[in-house]
Structures are given as C-alpha cells and as structure tokens.
Amino acid sequence: MGTVTVLLVALAAVVPALVMTGLVRAGRHEAQAEKARLAEEVQRQVRRSLEAVWAMDDREFEEYIAQLCRRDGCTEVERVGGAGDLGADVIGRLPDGRKIVIQCKRYAKHRTVGSRDIQTFNGTARAEHGADVPVFVASCVFTKPARAFAARQHLTLIDINLLGFWNNGTALASLLDLDIARSGTHRKLHPDND
C-alpha cells in the first residue's frame, strides 16, 4: 500500500503539472495568434486610410498634409500649392520655430518619385522659400538615386510608408531625423497591391 500511495501522490503532482503546461502552451499559442490578428488589422486600417490618400486630388492631398502639420504643433501653416508655387505646397513653422517647406506629390501607388523631382525641389526650397527644413512628401515611393541625393542635401523624404505612420499618429518631428538613404524601399508598389 505504501508504494501505491507514493505512486498516487506522484501522479497527483504530475497530472496538474501536465495540465498546467498544456494550458500555458495553449495560452501562448492563443496570444501569438491574437498578436498576429492585431498586426493584420493594423495593416488593413493603414491600407484603408492610404486608399483615401490615393483617391484625393492634388489640392486635397496638400490640405491633408497641412492638417497633419497642424496636428503635430506646427504654426502659420498654409497650403500655397498651385501654378507657379516654385516647389512649395505647404509652408509653416515647426514647434521649435524653424521654417518648414513641403513639396507634395500625390501619385498613383505604382509610380515612383525620381531624383530629378528631388533636385528641382532642392533648388528652390532653401533659395526661394527660405526653408530651414525642406520636406518632400509623396503618395508613392522614392527611387534609390532620389533617396541618395536627398540624404546628401539634407532633405527629408516622406514616402507612402512613412506617410502611413504619420497619418496614424507618429509625430512629424520623429520623421525629420530619419536616415532616408538607409531607410525605406525604392521598389514600386503593384497597382492593386493590398
């Protein structure tokens, strides 16, 4: 009887441990599945909000960028884009007082912004508009040569990927210091990429 009692006590200790291990594993699996589901939902929300960006006309896109600047504490923000704007679509002051000049390009998602557009903006942002912080925002991606040129000239590029973060609450100030030559992608998005 002593051996049977010892076996029953050991079994009584082992069975709950096995059950607990199974529950912990199931809980981890459930947590991982929930984390993946939440990440997918965030991606869907970003895509939905960016679909609205691609549906905007040029003027609406410029006003949208101006609103994001205002949201992040910029002052004296004006949408100035139009014929003869010399590369400035939005002008304002960052919360620290520096003048920001933004060029906006609302292109289809499968397009890219090349080095030539960046060079043109570089030639006017500081010289014509007195920008302390020149920013080029696009609803698509930048080519690798465009990003390299921007990095050399200390221009900030905000592509569609960074625009998604900005749209979802990332502050403009945190996007201004990114190393654009080393970040992002220069690959075109497929026209019907979800």
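Counting starts from 1 at the beginning of each chain's written sequence and moves along it residue by residue. Local features are withheld for residues below a pLDDT of 70 in this predicted model, meaning they are given only at 70 or higher, and side-chain atom pairs are given and counted only at 80 or more; totals for whole chains, interfaces and linings count all residues. Excluding hydrogens and water, the side-chain figures rest on all heavy atoms present in the structure.

Every residue gets a pLDDT, meaning the predictor's confidence in that residue, from 0 to 100. Looking at the protein chain as a whole, its pLDDT mean stands at 84, while 86% of the residues score no less than 70. The numbering of helices and of strands both runs from the N terminus, where a helix is a DSSP run of H or I of at least 4 residues and a strand a run of E of at least 2. By mean pLDDT, helix H1 (residues 2-55) is the weakest element of the protein chain at 74, and strand E2 (residues 90-93) is the strongest at 97.

With that settled, the discussion passes to unusual backbone geometry. Positive phi is not limited to glycine here, since Glu76 has a value of about 55 degrees. The exposed category is assigned to Glu76, whose relative accessible area is 60%. A positive phi angle is found at His154, which is not glycine, with a value near 60 degrees. Summarising the element assignment, His154 is placed in the loop between helix H4 (144-153) and strand E7 (156-158). Since its relative accessible area comes to 63%, His154 is described here as exposed. Think of it in three bands: residues with accessible area under 20% of the maximum for their type are buried, residues over 50% are exposed, and the middle band is partly exposed, with areas taken using a 1.4 Å probe on protein chains only.

Before going further, it helps to spend a moment on the sheet that holds E7. Each strand in a sheet pairs with its neighbour through backbone hydrogen bonds, running either in the same direction (parallel) or in the opposite one (antiparallel). What the five strands build is an open sheet, ordered E1-E2-E3-E5-E7; its pairing is mixed. Lying at the two open borders of the sheet, with one neighbouring strand each, are strand E1 (75-79) and E7. Taking the axes of each pair of neighbouring strands and ignoring which way they run, one obtains an average angle of 15 degrees across the sheet. In short, DSSP must find at least two bridges between two strands for them to pair. Across three bridges, strand E5 (residues 133-138) lies against E7 in parallel orientation. Within E7, the residue paired with Phe136 across the bridge is Leu157. The strands touched by helix H3 (residues 115-125) within the sheet are strand E3 (99-105), E5 and E7, with E5 carrying the most contacts at an inclination of about 150 degrees. Fitted lines through C-alpha atoms give the axes, limited to the stretch in contact for helices. The angle between two N-to-C directions lies from 0 to 180 degrees. Here a residue-residue contact requires only that any non-hydrogen atoms of the pair lie within 4.5 Å.

Right, let's talk about the pattern of salt bridges for a bit. Any carboxyl oxygen of Asp or Glu that lies within 4 Å of a side-chain nitrogen of Lys or Arg is treated as forming a salt bridge with it. This model, assessed by the stated rule, comprises seven salt bridges. Glu63 serves as the salt-bridge partner of Arg70, at 2.9 Å between the closest nitrogen and oxygen. Classification of Glu63 as partly exposed rests on a relative accessible area of 30%.

This brings us to a nonpolar patch on the surface. For patch building, the residue pool is restricted to those with more than 30% relative accessible area and no salt bridge; the joining distance is 9 Å between like charges and 5 Å between nonpolar side chains (Val, Leu, Ile, Met, Phe, Trp, Tyr). Residue exposure ignores everything except the shown protein chains as possible cover, and the areas themselves are Shrake-Rupley values with a 1.4 Å probe. Residues Val4, Leu8, Leu11, Val15, Val19, Met20, Leu23 and Val24 make up a contiguous nonpolar surface patch of roughly 730 Å² in combined accessible area. Among the structural elements, Val4 can be located in helix H1.

It is worth spelling out the packing of H3 against H4 at this point. Look at H3 against H4: their axes get within 8 Å of each other, and the N-to-C directions meet at 25 degrees. Comparing their axes, H4 and H3 come out roughly parallel. Considering the relative orientation of H3 and H4, their crossing is right-handed. When H3 is examined against H4, the residues Ser115, Ile118, Gln119 and Asn122 are found in contact with a partner set consisting of Pro145, Ala146, Phe149, Ala150 and Gln153. Under this grouping Gly is polar, as are all residues other than the nonpolar Ala, Val, Leu, Ile, Met, Phe, Trp, Tyr, Cys and Pro and the charged Asp, Glu, Lys and Arg. For the contact of H3 with H4, the class distribution of residues is five nonpolar, four polar and no charged. These descriptions rest on fixed angle ranges, namely under 35 degrees for roughly parallel, over 145 for roughly antiparallel, 65 to 115 for roughly perpendicular, and the rest for oblique. A clockwise turn of the near helix away from the far one marks a right-handed crossing, whereas an anticlockwise turn of less than a right angle marks a left-handed crossing.

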